[in-house]
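Residue-level structural notes
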Amino acid sequence: MKRLYGLCASGISGNMMVGALINLGMSPSYLRAHLAKLNLDGYKLIDEQQVKNGIPGTYFNVELLHYDHHHHDEHHVGEHDDQHDGSEEHGHHVDGAKHRDNDEHDTHADHDTHEHHHEHRGFTEIKEIIEKSKLSPWVKEKSIEAFLNLGLAEAKVHNSNLEEVHFHEVGAIDCIVDIVGTMIGLEFHGIDEVVFSPLHVGQGKVQCAHGIMDIPTPATEALLAEIPYFQTDIEGELVTPTGATIVKTVGTWSDPFMELEEVRSKIMESQKFGIGVGSMELEIPNVLAVAIEEV
């Protein structure tokens, strides 16, 4: 059995997760070929080798080809403004019919910046896009589950329901690529189980469409309800909604859960590890480290 460890000492975003899986050995061309099965257009993928605080890794992002020059920092399924690039998160926005929370945040405050259109895609439409693709049954199942978890969290915090939650077009594309790209990467590496460390969520405030919100934002906090996380004096949205839904969907938690240093040791001892680079400039390296262990 193959187990993947994820060290979230600097949080996690969709971008960072995909970047780590590329750095672990999945070729960008393989990822592009499989994402093409979604039949989505209007975007291009960026993968670059970067160094963050002395640690080399892969920076992954999505660039929309038709946008409104509206930078998003990814991660909001709501409407926050992600800036996190933690790597991930391109801006996701989810709009509730009653409230439009900006999950845009990246939950990482430093994720990438994307430009978005102001069209919307609901959960049902995204589910249909994934179901109609020629991706594997497992990738489809886990991708839809991740969107379901994300949509339910957004609906809960907006006092709405799943069908009233909509992802802004730009955010939807970013979110689809990050979530489906993660599942493609896990399948490529033959991963049977994923174990994450407790998540460093950051602290402070983040600007959202409906004002300033505390970190973690309500949607992220809802997704992490049964997942261990912690805060330090590091400011910024280190865990984005997309990162949180990936952790909730594919993570396995033992009782007691593995502490941060235990996961760090597993990665340091591994012969096969990958680093996903985020875009935030922090006192600590804005990276996500993953490693495979044959159990």
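Residues numbered from 1 in each chain as written. Predicted model: local features only at pLDDT ≥ 70, side-chain atom pairs only at ≥ 80, totals over all residues. Heavy atoms only, no water.

What follows concerns the packing of helix 3 (residues 123-132) against helix 4 (residues 137-157). The description of two packed helices rests on the angle between their axes and on the distance between the axes. The interhelical angle for the contact between helix 3 and helix 4, taken along N-to-C directions, is 170°, at an axis separation of 10 Å. On the basis of their axis angle, the class for helix 3 and helix 4 is roughly antiparallel. Each of Phe 123, Ile 126, Lys 127, Ile 130 and Glu 131 in helix 3 lies in contact with helix 4, whose residues at this interface are Lys 140, Ser 143, Ile 144, Phe 147 and Leu 148. Its residues assigned to classes, the contact of helix 3 with helix 4 shows six nonpolar, one polar and three charged. (Axes fitted to C-alpha atoms, helices over the stretch in contact; angles between N-to-C directions. Helix = DSSP H or I, 4+ residues; strand = E, 2+ residues; numbered from the N terminus. Parallel < 35°, antiparallel > 145°, perpendicular 65-115°, else oblique. Contact = heavy atoms within 4.5 Å. Nonpolar A, V, L, I, M, F, W, Y, C, P; charged D, E, K, R; others polar.)

What follows covers the side chain of Thr 249. You can see Thr 249 is positioned in helix 7 (residues 241-250). On the basis of relative accessible area, Thr 249 is assigned to the buried category, the value being 6%. Among the polar contacts listed, one links the side chain of Thr 249 to the side chain of Asn 149, at a separation of 3.0 Å. In this structure the side chain of Thr 249 is engaged in a polar contact, spanning 2.6 Å, whose partner is the backbone oxygen of Thr 245. Not counting residues up to four positions away in its chain, the partners in contact with Thr 249 are Lys 142, Glu 145, Ala 146, Asn 149 and Met 183. (Buried < 20%, exposed > 50% of the residue type's maximum accessible area, 1.4 Å probe, protein only. Polar contact = N/O pair within 3.5 Å; in protein donor to acceptor, adjacent residues only side chain to side chain.)

Summary statistics for the chain give a mean pLDDT of 83 and a share of 79% for residues scoring 70 or more. Here residues 68-118 is a poorly scored stretch, pLDDT under 50, and it has 354 contacts once near neighbours within four places are set aside; other chains count. (pLDDT = per-residue confidence, 0-100.)

Looking now at the pattern of salt bridges. A side chain of one charge can pair with a side chain of the opposite charge when the charged atoms of the two come close. Inspection of the entire model under this criterion finds eleven salt bridges. A salt bridge links Glu 293 to Arg 3; the nearest nitrogen and oxygen atoms lie 3.4 Å apart. In this pair, Glu 293 sits in strand 15 (residues 287-294) while Arg 3 sits in strand 1 (residues 2-7), placing the two residues 290 residues apart along the sequence. Ionic pairing is found between Glu 293 and Lys 266, a salt bridge with its closest N-O pair at 3.0 Å. Taken together, the residues Glu 293 in strand 15 and Lys 266 in helix 8 (residues 260-269) connect sequence positions 27 residues apart. A cluster of three or more residues bridged by salt bridges with shared partners is formed by Arg 3, Glu 193, Lys 266 and Glu 293. (Salt bridge = Lys/Arg side-chain N within 4 Å of Asp/Glu carboxyl O.)

Moving on: helix 2 (residues 28-35). Side chains three or four residues apart in an α-helix point the same way, a direct result of the helix having 3.6 residues per turn. Among the residues of helix 2, Leu 31, His 34 and Leu 35 are the ones counted as buried. Taken around the axis of helix 2, the buried residues stretch over an arc of 100°, which confines them to a single face. (Arc of directions from axis to C-beta.)

Across the six residues that make up strand 1, a large majority, five, are buried. Of the strand pairs in this sheet, strand 1 and strand 15 are connected by six bridges, and their pairing is antiparallel. Residue Leu 4 lies in a different strand from strand 15, and its bridge partner there is Ile 292. The pairing of strand 1 with strand 9 (residues 193-196) spans four bridges and is parallel. Bridging across to strand 9, Arg 3 finds its partner in Glu 193. (Pairing = 2+ DSSP bridges.)

Attention now goes to the environment of Ser 27. Secondary-structure assignment places Ser 27 in the loop between helix 1 (14-23) and helix 2. Residue classification places Ser 27 among the partly exposed residues on the basis of a relative accessible area of 30%. Through-space distance from the C-alpha of Ser 27 to that of Gly 185 is 9.4 Å; in sequence the pair is 158 residues apart. One polar contact links Ser 27 to Ser 29, side chain to side chain, over a distance of 3.1 Å.

Below, the discussion takes up the environment of Ala 155. Summarising the element assignment, Ala 155 is placed in helix 4. Taking the C-alpha atoms as reference, Ala 155 lies 9.7 Å from His 166; in sequence the two are eleven residues apart. When residues no more than four places from it in sequence are discounted, the contact partners of Ala 155 are Ser 160, Asn 161, Leu 162 and Val 165.

This part takes up the side chain of Ser 197. In this fold, Ser 197 is placed in the loop between strand 9 and strand 10 (199-200). Relative accessible area serves as the criterion here: at 0%, Ser 197 is assigned to the buried category. Once residues lying within four places of it in the same chain are set aside, the contact partners of Ser 197 are Gly 6, Leu 7, Cys 8, Ala 9, Trp 253, Met 258, Leu 260 and Val 263.

Let us now look at the environment of Ile 126. For Ile 126, the location among the structural elements is in helix 3. Overall, Ile 126 belongs to the buried group, its relative accessible area being 1%. In this structure, the C-alpha to C-alpha distance between Ile 126 and Ile 144, residues 18 residues apart in sequence, is 8.1 Å.

So, about the packing of helix 4 against helix 7. Taken N-terminus to C-terminus, the directions of helix 4 and helix 7 make an angle of 120°; their axes are 9 Å apart at the nearest point. With respect to their mutual orientation, helix 4 and helix 7 come out oblique. Like other packed secondary-structure pairs, helix 4 and helix 7 cross with a definite hand, here right-handed. Of helix 7, the residues touching helix 4 (which contributes Lys 142, Glu 145, Ala 146, Asn 149 and Leu 150) are Pro 241, Thr 245, Lys 248, Thr 249 and Val 250. When grouped by side-chain class, the residues that make up the contact of helix 4 with helix 7 number four nonpolar, three polar and three charged. (Left-handed = near helix turned anticlockwise from the far one by under 90°.)

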